[in-house]
Structure formats: C-alpha cells, structure tokens
Amino acid sequence: MTSHRPQPRPGILDISPYVPGKSGAKGAKIHKLSSNESPLGASPAALATYRAAAGELALYPDGSATALREAIAGRYGLRPETIVCGAGSDELLQLLAHAYLGPGDEAIYSQYGFLVYPIAIMANGAAAVVAPETDETADVDAMLARLTPRTRMVFLANPNNPTGTYLPFSEVKRLHAGLPSHVLLVLDAAYAEYVRRNDYEAGVELVSTFDNVVMTRTFSKIYGLAALRLGWAYCPSHVADVLNRIRGPFNVSMPAQAAGVAAIADQGFVEVAVAHNERWLPWLAHELAALGLKVTPSVGNFILVHFPLEARRNAAAADAYLQSHGLVVRRMEAYGLAPALRISIGSEEANRDLIAALKDFLR
Ligand SMILES: *Cc1c(COP(=O)(O)O)cnc(C)c1O
C-alpha cells in the first residue's frame, strides 16, 4: 500500500534519474572517455594544495569561500560579492531552480540540453518545456516561441553537452532580448575555456548588464577537479543574495576551496589543457569522419559521433566493442540520440587506441 508511506512532492517521481558515465572495471587498463573529464588531470599546484589541506580536516571550511571568490573575481575582473560557489555547478543549477521555480511554473531548455536541467526543474514541481533544436544546436526562435505567462527560467548550456555545439554571442543576446525581465536566463558555460571562437562569449557581459542572467562555471572540466565538486556562479547581486540564503552554510569543502584557489593561480596549466584539446579535437573529428562516421561539429572537449543504424555497426554494438577493448564512452539513449555515442577527448594514447579500435570494429 504505497499510499500509506511518505510521498515526495509532485513531479519527483516523473524524473528519470541522471545516468552518469560508466567507469569501467577496476584494475583493468581502461580509458574513461565517458564524462568529459580532463585527460591531463589537475594542476600539480592544485594537487599539492589539496594534499596540504589534509592537516586541517577537523575544522569547518570558510562558509563564504572568501579566498576562492576573490581568486575567481581577480581572474575575471568581477566583484567577489557577485560570485557564489557550489559543490559543482550542479548544486548551483539545483539551487537556482529551487529558488525560482515551483508548482505551476515552467522552465525552458533545448531538445538535447544537459539532462540536469529537467531534473532540477521537475524536482521543484515545475514543468520542463523542451524547445526543438536545429542541426543539433539550440534554436533561439524555438525557445522564444515556448515562452508563456508561466515561464520563469530558461536554461542554456553554451557550448552544449552532449552535442558540443554552441550559440554565438549575437544569438545569446537575441535570446535574452526576447525574454521578459522577470524570466531568469541561466547560461551554463561549463566548457567555456575550451572554446576558441571570436563570436563566443560565456556570459560575463550579459550578467554584468542585466538583472535576469546568471552564468555558471565549473572546476570539473578544464581544471581537472571533478572529484572535488567545485563550481561557481556569476550573479546579479539580488540573485547572489537569494542563493546565499538557501545554500548549505558549508556547501564547499575546505580542500576544494584551497585547490580551487591554487588551480586559478596556475593558468599555465589551463593553457596546456587548451592546447591539448586544440590538437586532439580536430584530429579525432578528422579520423572519425575518415571512418565514414558523421560527427557533430564540437567546440568542447568531446565529440558526438553518429553510427549507422544496421545492428552490426550501430552505436550499441560500437559501445560494446569499445568497452571490450578498454574504451568507455557514453551512450546517448537518455538524450534521444540512440544512434550516437559521445566520446571525450582523451590522452594521446586513448585517442589513438579509440580510432584503432573503431577501425577494427567497422572493418
Ligand atoms: C560537466 C557539466 C557541468 C559541470 O558539472 P559540475 O557539477 O560542476 O561537475 C555543468 N554543465 C554541463 C553542461 C556539463 O556538461
């Protein structure tokens, strides 16, 4: 009799749980290319700082992450009061949804948008409204066409995961210009550091100018600190105030704060990671296309690859084959992209192993 036990609020049981990338068998030599983690790991300076933090684990962290917010602010020329740190940007996305959405509200995201958005939206009893994409790219007109009097938020990952496509700043501005001022636009720029395009802007300018835009960033991707769970949001002051009221008082651990400060200081390491991606993203895209596979143009640290539909060569068969060769990639059923696999840019060895294995698979 399920009606006698505690019931979650409406919407929660409609959520499909987020399925993280597989890790592969412990011990066996594997290349994990399923979660867009950095093949270069973290900055040695950040690791040293993290280890040094072990001596102070009995103490609570600085609840306002002052040193970290100052480091981020210094790096980007922002005011520290406008930055809120979180246990990954996931936490900040959840907090934003929690603060601004409730039953009866709607929030818009795009067709192949990051699946954390519908989870955050529905967890707060609001309706997740999907706007179709064009060429696996967010479509501003389609998003604006789904505005209703109930719309309270719009989520845009730019670049998007899992497609790797992006909107130029002119399109992001057009999206913002079409929103009423009470609708909050969340720009999730988790992969911003990888983008080398003159027409791209992560969102700083919009947040600085308007009261209804937030940008979220992460230390999980280019900084190679995914295990620590560290992200930040650049917010208008009134939004920072709201997030600071509802977040846990110690939501970011001391070792994460300390490592984050050291990571921000080591921009030379970030440049090495960007250069690695600049070399291997085009290489992988080229090699995959040479195998006859359709590749969605990516500006991130991963590529969406489309496989033939015939059973022997489809994405499921390719995934099984790659896995048996120690290459763990991401299946895309949850995104409605079953014929595709998402493959993170790996180390040189991983990238070469991947192409060699796919050559054998498609032979
Ligand atoms: C990886 C990723 C994040 C980062 O999540 P964290 O919680 O900071 O690890 C956010 N948004 C998108 C689109 C991502 O792919």
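Because the structure is predicted, anything quoted here is derived from the model rather than measured.

Participant: How would you summarise the overall build of the protein chain if you had to cite specific residues and measurements?
Facilitator: What the protein chain contains, in helices and strands, is 12 helices and 13 strands. Expected size for 363 residues packed as a compact globule is a radius of gyration near 21 Å; at 21 Å, the protein chain falls within 12% of this value. Its C-alpha atoms put the protein chain at 60 × 55 × 50 Å along the principal axes. Relative to its full complement of 363 residues, the protein chain shows a buried share of 53%. When the accessible area of the protein chain is evaluated, it comes to approximately 15800 Å², of which 56% is carbon and sulfur surface. Computed over 32 positive and 34 negative side-chain charges, the inter-centroid distance for the protein chain is 5 Å.

Participant: Residue-level account of the site of the ligand, with values.
Facilitator: Taken together, Gly-88, Ser-89, Asp-90, Phe-114, Asn-161, Asp-188, Ala-190, Tyr-191, Thr-218, Ser-220, Lys-221 and Arg-229 form the complete shell of residues around the ligand. A distance of 2.6 Å separates a nitrogen atom of the ligand from a polar side-chain atom of Asp-188. Between the ligand and Thr-218 there is a distance of 2.5 Å, counted from an oxygen atom to a side-chain nitrogen or oxygen. The fraction of the free accessible surface of the ligand (390 Å²) that becomes covered by protein chains is 93%.

Participant: A description of the nonpolar core should follow, citing residues and the corresponding values.
Facilitator: One recurring pattern in soluble globular proteins is that nonpolar side chains are buried together. The biggest cluster of nonpolar side chains holds 60 residues, and the ones touching the most others in it are Phe-219 and Trp-232. No other element matches the five residues that helix α9 (residues 254–265) contributes to this core. Residues lining this core come from more than one domain, with at least three contributed by each of domain 1 (21–41 + 268–362) and domain 2 (44–265). When sequence neighbours within four positions are dropped, the list of residues in contact with Phe-219 reads Leu-68, Ile-72, Gly-224, Leu-225, Ala-226, Leu-230, Trp-232, Gly-260, Ala-263 and Ile-264. Of all hydrophobic cores here, the second largest spans 34 residues; its members include Leu-95, Tyr-100, Leu-101 and Ala-120.

Participant: Tell me about the sheet that holds strand β5 (residues 151–157), and name the residues and values.
Facilitator: Spatially, β2-β8-β7-β6-β5-β3-β4 is the arrangement adopted by the seven strands of the open sheet, whose pairing is mixed. One side of each edge strand has no neighbouring strand; the edge strands of this open sheet are β2 (83–86) and β4 (127–131). The mean angle between the axes of side-by-side strands here comes to 20 degrees, regardless of whether they run parallel or antiparallel. Strand direction decides the pairing type here: strand β7 (residues 213–218) and strand β8 (residues 231–234), joined by four bridges, are antiparallel. Note that in β8 the partner of Thr-218 across the bridge is Gly-231. The strands touched by helix α3 (residues 88–100) within the sheet are β2, β5, β6 (184–188), β7 and β8, with β7 carrying the most contacts at an inclination of about 155 degrees.

Participant: Residues and numbers for helix α4 (residues 116–123), please.
Facilitator: For α4, the buried fraction is high: seven of the eight residues fall into the buried class. All buried positions along α4 are accounted for by Val-116, Tyr-117, Pro-118, Ile-119, Ala-120, Ile-121 and Met-122. Here the buried face of α4 lies against α3, β3 (106–110), β4, β5 and β6.

Participant: So what's going on with the domain arrangement of the protein chain? Residues and values would help.
Facilitator: Its domain assignment divides the protein chain into domain 1 (21–41 + 268–362) and domain 2 (44–265). For the domain 1 and domain 2 pair, buried surface summed over both sides reaches about 2100 Å², with 65% attributable to carbon and sulfur atoms. On inspection of domain 1 and its partner domain 2, the count reaches zero salt bridges. Taken together, the links from domain 1 to domain 2 amount to seven residue pairs in polar contact (both at pLDDT 80 or more). Of all the elements in the fold, those that place two or more residues in the side of domain 1 that touches domain 2 are α10 (267–290) and β10 (302–306). Residue composition of the side of domain 1 that touches domain 2, grouped by class: 12 nonpolar, 11 polar and three charged.

Participant: Explain the pairing of β4 to me, using residue names and the numbers behind them.
Facilitator: Examined bridge by bridge, β3 and β4 share five bridges and lie parallel to one another. Bridged to Ser-110 within β4 is Ala-131. Considered for its hand, the β-α-β crossover made up of β3, α4 and β4 is right-handed.

Participant: Any details on the packing of α10 against helix α12 (residues 348–362)? Residues and values, ideally.
Facilitator: One can describe the packing of α10 onto α12 by two numbers: an axis separation of 11 Å at closest approach and a directional angle of 5 degrees. Here α10 lies roughly parallel to α12, going by the angle between them. Of α12, the residues touching α10 (which contributes His-276, Arg-279, Trp-280, Trp-283, Leu-284, Glu-287 and Leu-288) are Glu-348, Asn-351, Arg-352, Leu-354, Ile-355, Leu-358 and Lys-359. The residue inventory of the contact of α10 with α12, partitioned by class, reads seven nonpolar, two polar and five charged.

Participant: Could you give an account of unusual backbone geometry, with specific residues and numbers?
Facilitator: Asn-158 connects to Pro-159 through a cis peptide bond whose omega is -5 degrees. The step from Asn-161 to Pro-162 runs through a cis peptide bond, and the omega angle for that step is 20 degrees. By secondary structure assignment, the location of Pro-162 is in the loop between β5 and α6 (169–177). With a phi close to 55 degrees, Asp-135 is a non-glycine residue in the positive phi region. Along the chain, Asp-135 falls in the loop between β4 and α5 (140–145).

Participant: Describe the side chain of Thr-296, naming the residues involved and giving the relevant values.
Facilitator: You can see Thr-296 is positioned in the loop between β9 (294–295) and β10. Among the polar contacts listed, one links the side chain of Thr-296 to the side chain of Glu-136, at a separation of 2.5 Å. Residues contacting Thr-296, with those up to four places away along its chain left out, are Glu-136, Thr-163, Thr-165, Ile-303, Leu-304 and His-306.

Calculation criteria
- Residues numbered from 1 in each chain as written.
- Predicted model: local features only at pLDDT ≥ 70, side-chain atom pairs only at ≥ 80, totals over all residues.
- Heavy atoms only, no water.
- Helix = DSSP H or I, 4+ residues; strand = E, 2+ residues; numbered from the N terminus.
- Rg over C-alpha atoms; globule rule 2.2 N^0.38 Å.
- Buried < 20%, exposed > 50% of the residue type's maximum accessible area, 1.4 Å probe, protein only.
- Areas by Shrake-Rupley, 256 points an atom, 1.4 Å probe, with all protein chains shown as cover.
- Lys, Arg positive; Asp, Glu negative; His and termini not counted.
- Charge placed at Lys NZ, Arg CZ, Asp CG, Glu CD.
- Near = heavy atom within 4 Å.
- Polar contact = N/O pair within 3.5 Å; in protein donor to acceptor, adjacent residues only side chain to side chain.
- Core = buried A, V, L, I, M, F, W, Y, C linked by side-chain atoms within 4.5 Å.
- Domains from an automatic or database assignment.
- Contact = heavy atoms within 4.5 Å.
- Pairing = 2+ DSSP bridges.
- Axes fitted to C-alpha atoms, helices over the stretch in contact; angles between N-to-C directions.
- Buried area = accessible area lost by both parts, 1.4 Å probe.
- Salt bridge = Lys/Arg side-chain N within 4 Å of Asp/Glu carboxyl O.
- Nonpolar A, V, L, I, M, F, W, Y, C, P; charged D, E, K, R; others polar.
- Right-handed = clockwise from strand over helix to strand, strands pointing away.
- Parallel < 35°, antiparallel > 145°, perpendicular 65-115°, else oblique.

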